[in-house]
Amino acid sequence: MLSKSVVYGFLALATARAANCRVLGSSSESTRTSRRWLPSAGKIRGVNLGSQFIIEPWMAQDEWSSMGCGSANDEWQCVQALGQDAADAAFKKHWDSWTTQDDISQIKSLGLNSVRVPVGFWIREDLVNEGEHFPRGGLEYLDRLVGWCADAGIYVIMDLHGGPGAQIPNQQYTGHGVSYPGFYTQDNYERAYKFLEWMTERIHTNGKYRTVGTLEVINEPVHAGDYPSLASDLISKYYPNAWTRIRNRENKLGVGSSKRLQIQMMDKSWGSGDPSSHLPDTTSALYDDHRYYKWDGSVTTTKEGYISAACNDNRGGSDVIVGEWSLSVADAVQSNDEFQIANRPDQVEWYKQFWAAQAQTFEKAGGWVFWTWKCNWIGGMDEWRWCYQAAVAAGVIPRDAGSAASISPC
């Protein structure tokens with residue numbers, strides 16, 4: 001596991017602008033970046049760009065319907081329903097408009113220093129098998145997006161969010177809601193390894209990727225309690241082999257130790273097992289913790305209970321990044337008088353305290369990445385508990401992402 005001194009060594013390399021992570025101009029050095037880096041603030045403060053490359057209809061229903069996908073559960077079903085060519089056209093329009101350069105500029109202006117970019121393996125189109133149904137043409141938009149981030153000096157976590165065969169059942173974020181997770185086979189592992197090798201090379205040789213510093217090898221796999229044999233296979237085979245394939249590709253490229261990627265896996269708190277237990281090395285390892293108090297049955301579902309839970313939480317050391325969290329509360333109470341937000345400006349102050357309590361706690365670890373930047377009328381309303389941009393507009397989240405400690409809810 002990465003020690004604090006190593007992590008902060010990486011942090012010290014960073015500057016506020018990506019110019020210091022310049023692309024080397026010498027033809028003999030190809031186009032590799034001068035170093036990998038983490039934000040100089042010392043903590044990750046970021047947002048997920050959810051539904052950019054894997055649309056989750058629950059949080060983008062109007063957008064989904066406008067694409068002609070309204071009755072489809074996921075991207076696979078939408079492509080099937082529309083046909084490949086029509087689906088490609090609809091998705092290209094979405095990729096072009098959901099996250100714009102103005103969004104990246106606004107993210108930067110709010111004191112955020114990082115974004116997490118969820119992508120599906122199918123963005124590398126030659127990995128898609130006959131009979132699989134995914135949109136084509138997303139790569140040029142990914143290249144454009146990370147280029148904007150690089151120009152703005154924003155650190156990027158590249159997240160393999162949807163794995164071949166789907167890594168967990170019945171989830172829109174895999175791109176294909178399945179009844180049984182098909183990811184855990186040698187053939188699908190191999191497709192994921194090829195994706196990771198390809199992305200590693202792209203990061204190190206394409207200047208637009210010069211501020212991509214972390215590569216997450218799979219998002220939210222199965223829990224050991226639900227699928228013990230699959231989770232064990234993930235820990236003992238997939239994680240160490242993914243690690244080795246990334247590092248071997250960097251060795252082949254001649255990438256020096258100071259330029260290597262941070263490799264990220266789900267933290268043991270996710271429930272798949274200890275991700276570091278079979279790794280050949282843990283230098284530059286990071287761990288992704290998804291902390292949703294909404295779904296924690298041990299939290300007392302009152303305002304006092306949520307603030308207390310957040311203030312007294314411990315998410316680990318500086319190698320743990322809370323890569324997903326929100327302001328949402330339990331389904332059973334989210335619409336009652338204590339927590340309802342529709343037409344309730346009087347609720348703004350408490351939710352600001354809840355944001356600050358979480359951000360302050362998560363910064364005791366390696367930092368945080370809110371889920372998500374942008375939403376599209378969840379449940380027929382402006383549901384800013386899930387949407388950072390809308391929460392800022394509502395006055396819930398401050399315009400300075402580093403201000404949690406000054407609010408001091410704990």
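Refer to the structure above for everything that follows.
Residues numbered from 1 in each chain as written. Predicted model: local features only at pLDDT ≥ 70, side-chain atom pairs only at ≥ 80, totals over all residues. Heavy atoms only, no water.

### Section: the pairing of strand E2 (residues 114-120)
Next up, step 1: Burial of E2 is extensive: 7 of the 7 residues sit out of reach of the surface.
Next up, step 2: Residues Ser114, Arg116, Pro118 and Gly120 point to one face of E2 and Val115, Val117 and Val119 to the other, with burial holding for every one of them.
Next up, step 3: For strand E1 (residues 44-48) and E2, the ladder comprises 3 bridges, and the chain directions are parallel. Note that in E2 the partner of Asn48 across the bridge is Arg116.
Next up, step 4: Summarising the sheet, E2 and strand E3 (residues 155-162) pair through 7 bridges and their orientation is parallel. Residue pairing for E3: Val117 is matched across the bridge by Met158. (Buried < 20%, exposed > 50% of the residue type's maximum accessible area, 1.4 Å probe, protein only. Helix = DSSP H or I, 4+ residues; strand = E, 2+ residues; numbered from the N terminus. Pairing = 2+ DSSP bridges.)

### Some words on the state of the cysteines
Next up, step 1: Scanning the entire structure with this criterion turns up 3 disulfides.
Next up, step 2: The partner cysteine of Cys69 in its disulfide is Cys78, sulfur to sulfur 1.9 Å. One quick way to see it: the torsion about the S-S bond of Cys69 and Cys78 is about -40 degrees, and its sign makes the bridge left-handed. Judged on exposure class, the residue Cys69 and its partner Cys78 are both buried.
Next up, step 3: Paired through a disulfide, Cys311 and Cys410 show a sulfur-sulfur distance of 2.0 Å. Around the S-S axis, the bridge from Cys311 to Cys410 shows a dihedral of about -85 degrees and counts as left-handed. One end of the pair, Cys311, is in helix H9 (residues 303-311); the other, Cys410, is in the segment after helix H12 (404-407), with 99 residues separating them in the sequence.
Next up, step 4: The exposed category is assigned to Cys410, whose relative accessible area is 54%.
Next up, step 5: For the protein, the bonded cysteines connect in the pattern 1-2, 3-6, 4-5 when numbered consecutively along the sequence. (Disulfide = S-S within 2.5 Å.)

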